[in-house]
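Residues per chain, in single letters:
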Amino acid sequence: MDLPLVVGVDGSEPAMRAVDWATDEAALRGLPLRLVYASLWERYEGAALAEGLGRSAEQIMADTVVEAAARRARRRDAGVKVTTEVVPDDAVGALLREGLNATALVLGSRGRSGIAGMLLGSVSLTVAARAHCPVIVLRGSHDNRAGAGRHRRVVLGVGDPSHGSAAARFAFREAAERGVALEAVRAWRWSAHEPAGHPVEPGGPARRHEQGAVELLDKALSGAAAEYPAVDVRRRTVEGTARTVLLDASTEAGLLVVGVRRRDSHGHTGMQLGRVAHAALHHAACPVAVVPERV
């Protein structure tokens, strides 16, 4: 049985746009959609309004949120199977458990408690750092770019192949399902302390670093490319920091895919994600898929 796409909902507009995106994705993949509300995401006042109804104000709010999200999903695509659940837990704990039996978790960039100007909500950041399945955060939703992104190319940030190939396989599958090109990007740099030479000279330091990036790119993509031979793959090596190169690429992308090394130890959230994924989640101009690599 196919595992569902799970969306964390809380009634906010970013979460509702995540429902839209996930509904389209579920229809594309032929997957069920599961909408989850964590009842402890925030405390609601006004319990007196629920007197005589046998339910607390928080229960009423939770039911209202998931029912509204389900209606929105069904209006968007009646063919997608939609289920809902209110989970009596905090958002992070509920979503991490949901991720154990999900194809992916889909989250808005920030929730109801998000402050205008915040780069990314703490729930989305923490779940992306700790989940055992891919986590897709709807960056770009402020101008509805997220909803229109399915016709744009998928961009894969290529890291060290020794860290795993899950991100590459995920990116190839997304490109294949959407019928779009896959742009695989590897950034490279050379130190100013290396011997001087003209950057384009054969065997010069810059040329050697660029060639190393090309070889690494080919190695990282070989397995997934054989599995999805119909995908139009565009390999690109760019001089610069990985953060800058991928953020630039995200401006014309429908989805940015980055892999992260998943550790079993309890480390700091930012360090678990790594600087590149952390920057992508805060600054990318399109939805970001964070894919755990088992090492």
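Each value, and the rule that gives it
- Residues numbered from 1 in each chain as written.
- Predicted model: local features only at pLDDT ≥ 70, side-chain atom pairs only at ≥ 80, totals over all residues.
- Heavy atoms only, no water.
- Helix = DSSP H or I, 4+ residues; strand = E, 2+ residues; numbered from the N terminus.
- Buried < 20%, exposed > 50% of the residue type's maximum accessible area, 1.4 Å probe, protein only.
- Areas by Shrake-Rupley, 256 points an atom, 1.4 Å probe, with all protein chains shown as cover.
- Core = buried A, V, L, I, M, F, W, Y, C linked by side-chain atoms within 4.5 Å.
- Contact = heavy atoms within 4.5 Å.
- Pairing = 2+ DSSP bridges.
- Axes fitted to C-alpha atoms, helices over the stretch in contact; angles between N-to-C directions.
- Left-handed = near helix turned anticlockwise from the far one by under 90°.
- Nonpolar A, V, L, I, M, F, W, Y, C, P; charged D, E, K, R; others polar.
- pLDDT = per-residue confidence, 0-100.
- Phe/Tyr/Trp six-rings, centres within 6.5 Å; stacked < 30°, edge-to-face > 60°.
- Polar contact = N/O pair within 3.5 Å; in protein donor to acceptor, adjacent residues only side chain to side chain.

A. Region of interest: the overall build of the protein chain. Looking only at helices and strands, one finds 10 helices and 10 strands in the protein chain. Relative to its 295 residues, the protein chain shows a buried fraction of 49%. A total accessible area of about 14,200 Å² is found for the protein chain, and carbon and sulfur atoms account for 51% of it.

B. Layout of the nonpolar core. Among the nonpolar cores identified, the biggest contains 49 residues, and V7, L33, I136, L156 and V257 are the most heavily contacted of them. If one sorts the elements of this core by residue count, helix α6 (residues 166-178) sits on top with 7 residues. Every residue in contact with L156, bar those within four places of it in the chain, is listed here: A167, A168, A171, L182, E183, A184, V185, L221 and V257. Counting residues in each nonpolar core, the second largest holds 39 residues, with A38, V137, L247 and L281 among its members.

C. Structural context of the sheet that holds strand β9 (residues 253-262). Spatial ordering of the open sheet is given by β3-β2-β1-β4-β5-β10-β9-β6-β7-β8, a layout of 10 strands whose pairing is mixed. Taken across any chain shown, the strands that pair with only one partner, and hence form the sheet edges, are β3 (82-87) and β8 (233-239). Each strand axis lies, on average, 25 degrees off the axis of its neighbour in the sheet, ignoring direction. Note that strand β1 (residues 5-8) and strand β2 (residues 33-38) share 4 bridges and pair parallel. By the bridge assignment, L5 is partnered in β2 with L33. On top of the sheet, helix α2 (residues 57-76) reaches β2 and β3; it is set at about 165 degrees to β3, its chief contact. Lying over the sheet, helix α3 (residues 91-98) contacts β1, β2, β3 and β4 (104-108), oriented at roughly 155 degrees with respect to β2.

D. Representation of the packing of helix α8 (residues 242-250) against helix α10 (residues 275-283) in the model. In the contact formed by α8 and α10, the axes pass within 9 Å of each other and the chain directions differ by 35 degrees. In this structure, α8 crosses over α10, and the sense of that crossing is right-handed. Residues A242, R243, L246 and L247 of α8 form the contact with α10, whose participating residues are V276, A279, A280 and H283. Across the contact of α8 with α10, the residue classes tally to 6 nonpolar, 1 polar and 1 charged.

E. Summary view of the confidence of the model for the protein chain. On average, the protein chain scores 82 in pLDDT, and the residues at 70 or more come to 78%. β1 holds the highest mean pLDDT among the elements of the protein chain, 97, whereas helix α5 (residues 145-148) holds the lowest, 50. For the stretch residues 141-145, pLDDT sits under 50, and the model shows 14 contacts to residues farther than four places along the chain or on other chains. In the model, residues 267-271 has pLDDT below 50 throughout and makes 6 contacts with residues more than four positions away in sequence or in other chains.

F. Representation of the packing of aromatic side chains in the model. Under the definition given, this model contains 1 aromatic pair. Measuring from centroid to centroid gives 6.3 Å for F172 and Y228, while their planes differ by 25 degrees, and the two rings are stacked. Taken together, the residues F172 in helix α6 and Y228 in the loop between α7 (205-227) and β8 connect sequence positions 56 residues apart. We note that F172, like Y228, is buried.

G. Examining the side chain of R34 more closely. Residue placement: R34 occurs in strand β2. Residue classification places R34 among the buried positions, given a relative accessible area of 18%. Within the structure, the side chain of R34 is placed 2.4 Å from the side chain of E85, a separation counted as a polar contact. R34 has contacts with P4, L5, V6, V7, T83, E85 and E98, leaving out every residue within four places of it along the chain.

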